[in-house]
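# Overview (structure and organization)
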Amino acid sequence: MNILLLGYGKMGRTIEQIALERGHQIVGRIDVNNRHELDTLANDAVDAVIEFSTPDSVVGNLTYCFERGWPVVCGTTGWLNERPAIETLCREKNGAFFYASNYSIGVNLFFRLNKTLAQFMHQYPSYQVSMTEIHHTEKKDSPSGTAITLAEGIMANLPGKTRWQEQAEGVAEADEAVMIESIREGKVPGTHTVRYESEVDRIEISHVAHSRQGFALGAVVAAEWVAGRQGIFGMDDLLGM
Ligand SMILES: NC(=O)C1=CN([C@@H]2O[C@H](COP(=O)(O)OP(=O)(O)OC[C@H]3O[C@@H](n4cnc5c(N)ncnc54)[C@H](OP(=O)(O)O)[C@@H]3O)[C@@H](O)[C@H]2O)C=CC1
Ligand SMILES: O=C(O)C1=N[C@H](C(=O)O)C[C@H](O)C1
């Protein structure tokens, strides 16, 4: 399969390695300096685009891909207020758009566990839910996309929690909010903890990524899956969850 990498940073490079190992060709490695190379590619030269760039550039990148008729797997986080407009454009162009805040299989199992735990904890109101996410210091967005997906999973299953809120000094915790603490340190690939705290004890579940390999493999498998399809997709479609 011919894969175009749109965004060639930490994720783009890890994805390249896995795509090559799985027998694919990389037809372009695009970052902020060589965007002009996009115009040299024929529409039928690309079977799928894998887009891991920045919150500021993703919408322009996706729009460009839909105009060219290229199916896109996107992992960029920190832009989702613009997602409805992008999905409308994808439908108008009869395109294919696959999005996940986290492509790792382990995190997607963790999403499922998080929802089940929230349903269960509804019976125990003495526990207050909160979350911590830890990432490397180069990360541009906070809270992480994964933390927001986890918060949405809690809100859908724990009545009374209607929004998420970033924990910050001087910001009061609201009963209806899932509080999210974001920590940036070193080169941490991504750690997420969901915590239920009572007066007497604490229950925690965590997902700890040891590297970017899990994210990258999931993105390549999603590209293999989305090539030749039309529509809007996510990990539940891929994993049959
Ligand atoms: N969904 C998931 O599973 C995961 C999502 N992510 C998300 O993926 C995104 C990328 O992460 P990561 O690779 O670590 O970040 P990096 O900063 O390492 O890479 C971002 C890349 O995007 C490039 N870029 C910037 N502007 C443009 C543009 N206009 N067109 C094309 N490329 C551009 C940068 O180029 P240059 O360096 O020249 O500026 C850089 O190569 C982030 O939003 C992150 O949160 C990360 C891991 C997993
Ligand atoms: O920027 C990262 O590195 C990561 N971003 C994604 C997110 O925001 O959730 C996924 C993963 O946690 C790594």
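Residues numbered from 1 in each chain as written. Chains lettered and ligands numbered in written order. Predicted model: local features only at pLDDT ≥ 70, side-chain atom pairs only at ≥ 80, totals over all residues.

What surrounds ligand 2 is the set Thr77, Ser101, Asn102, His135, Lys139, Ser144, Gly145, Thr146 and Gly190. Split into classes, the residues belonging to the shell around ligand 2 amount to no nonpolar, eight polar and one charged. Residues from two domains meet in the shell around ligand 2; each of domain 1 (2-103 + 213-239) and domain 2 (105-208) gives at least three. (Near = placed C-beta within 6 Å. Nonpolar A, V, L, I, M, F, W, Y, C, P; charged D, E, K, R; others polar. Domains from an automatic or database assignment.)

Here the protein chain is described as being made up of domain 1 (2-103 + 213-239) and domain 2 (105-208). A separation of 27 Å is found between the C-alpha centroids of domain 1 and domain 2. The interface of domain 1 with domain 2 comprises ten residues on the first partner and eleven residues on the second. Elements with a minimum of two residues in the side of domain 1 that touches domain 2: helix H6 (213-226) and helix H7 (235-239). (Contact = placed C-beta atoms within 7 Å. Helix = DSSP H or I, 4+ residues; strand = E, 2+ residues; numbered from the N terminus.)

What follows concerns the site of ligand 1. If you check the shell around ligand 1, you find 27 residues, and the closest are Gly9, Met11, Asp31, Ser57 and Gly75. Sort the elements by how many residues they give to the shell around ligand 1 and helix H1 (residues 10-21) lands first, with three residues. Grouping the amino acids of the shell around ligand 1 by side-chain chemistry returns nine nonpolar, 14 polar and four charged.

If you look at the biggest cluster of nonpolar residues, it comprises 39 residues, and the most contacted ones within it are Ile50, Val72, Val73 and Ala219. No other element matches the seven residues that H6 contributes to this core. Ile50 has contacts with Ile3, Leu5, Leu6, Ile15, Val73, Ala219 and Ala223, leaving out every residue within four places of it along the chain. Among the nonpolar cores identified, the runner-up in size contains 17 residues, and Val107, Ala147, Ala151 and Val194 belong to it. (Core = buried A, V, L, I, M, F, W, Y, C linked by C-beta atoms within 7 Å. Buried ≥ 20, exposed ≤ 12 C-beta atoms within 10 Å, placed from the backbone.)

Turning our eyes to something else, we now look at the sheet that holds strand S6 (residues 128-135). Spatial strand order, S7-S8-S6-S9-S10: five strands in an open sheet with mixed pairing. Looking at which strands have only one partner, the edges of the open sheet turn out to be strand S7 (163-166) and strand S10 (202-208). Direction aside, neighbouring strands of the sheet carry axes that sit 20 degrees apart on average. Relative to strand S8 (residues 177-184), S6 runs parallel, the two being bridged by six bridges. Looking at the pairing, Ser130 lines up with Met179 of S8. On the sheet, helix H4 (residues 105-121) packs against S6, strand S9 (191-197) and S10 and is oriented at approximately 165 degrees with respect to S10. Contacts from helix H5 (residues 145-155) reach S6, S7, S8 and S9, with the element oriented near 165 degrees to S6. (Pairing = 2+ DSSP bridges. Axes fitted to C-alpha atoms, helices over the stretch in contact; angles between N-to-C directions.)

Take unusual backbone geometry next. Here the residue pair Ser142 and Pro143 is connected by a cis peptide bond, since its omega of -5 degrees sits within 30 degrees of zero. For Pro143, the position within the fold is in the loop between S6 and H5.

This part covers the environment of Tyr103. Counting through the fold element by element, Tyr103 comes out in the loop between strand S5 (96-99) and H4. For Tyr103, a count of 27 C-beta atoms within 10 Å puts it in the buried group. Along the chain, Tyr103 and Gln213 lie 110 residues apart, while their C-alpha atoms are 10.0 Å from each other. If near-sequence neighbours (up to four positions away) are discounted, Tyr103 is found in contact with Gly75, Phe215, Gly218, Ala219 and Ala222.

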